[in-house]
Amino acid sequence: MGVWLQRKGNPHDIVFTQGLGPRLHHFAYTLPDSNDMIRACDVAGALGYAPCLERGPGRHGISGALFTYFRDPDGHRIELFNTHYQHIDLEPALGWDLADPKRADQWGLPAQNKWFTEATPFTDVDLTQPEIRVDPPTLERFLALANDG
């Protein structure tokens, strides 16, 4: 579903994910700690930006980073996260099964379908469909399963 590349031991410098593209999924900004994350959400809510909160707070599965995603006034996705930790690769490398729900999130609700399908296109760049289609674990599917159970 994606490739996280790094050059200096942090979780990632650039990420490529599967889907219609090329497009920009999000910018990410590091916050010092979890209190800053909650404060950012409180300030956004107080200023009337609560509808711009798209996902979170939650904790990413593989990286363990606490996250929140907003849309900026132009509609671009912005991630706030609190851990830019050093990561040493295990030998042998650890593989993650796409069926493992903790791969995506340790806790927090799954992302809405639009989180996987909406992104910012680049000017004058043709978009192409991926060769392989991945069916991500969406909030819509989670809620449908909860209603069936």
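Worth saying up front: this structure is predicted, and the values here are computed from it rather than measured.

Draft legend 1. Representation of the pattern of salt bridges in the model. A full pass over the atoms with the stated rule returns four salt bridges. Among the salt bridges present, the one from Arg71 reaches Glu118, with a minimum N-O distance of 2.9 Å. Here Arg71, found in strand 6 (residues 66–71), pairs with Glu118, found in the loop between helix 2 (113–117) and strand 9 (120–121); they are 47 residues apart in sequence, far enough to count as distant. Judged by relative accessible area, which is 35%, Glu118 ranks as partly exposed.

Draft legend 2. Focus on unusual backbone geometry. Residue Pro22 follows Gly21 across a cis peptide bond; omega there is 10 degrees. By the secondary structure assignment, Pro22 is in the loop between strand 2 (14–17) and strand 3 (23–24). Positive phi is not limited to glycine here, since Asp124 has a value of about 60 degrees. With respect to the helices, strands and loops of the structure, Asp124 is situated in the loop between strand 9 and helix 3 (139–148).

Draft legend 3. Molecular detail of the sheet that holds strand 4 (residues 27–30). As summarised here, the arrangement of the five strands in space is 4-7-6-5-8, forming an open sheet in which the pairing is mixed. What marks the edges here is a single partner per strand, and that holds for strand 4 and strand 8 (105–107). On average, adjacent strands in this sheet sit at an angle of 35 degrees to one another, irrespective of strand direction. Sheet topology places strand 4 next to strand 7 (residues 77–81); four bridges connect them, and they run parallel. Paired with Tyr29 across the strands is Leu80, a residue of strand 7.

What counts, and where the lines are drawn
- Residues numbered from 1 in each chain as written.
- Predicted model: local features only at pLDDT ≥ 70, side-chain atom pairs only at ≥ 80, totals over all residues.
- Heavy atoms only, no water.
- Salt bridge = Lys/Arg side-chain N within 4 Å of Asp/Glu carboxyl O.
- Helix = DSSP H or I, 4+ residues; strand = E, 2+ residues; numbered from the N terminus.
- Buried < 20%, exposed > 50% of the residue type's maximum accessible area, 1.4 Å probe, protein only.
- Pairing = 2+ DSSP bridges.
- Axes fitted to C-alpha atoms, helices over the stretch in contact; angles between N-to-C directions.

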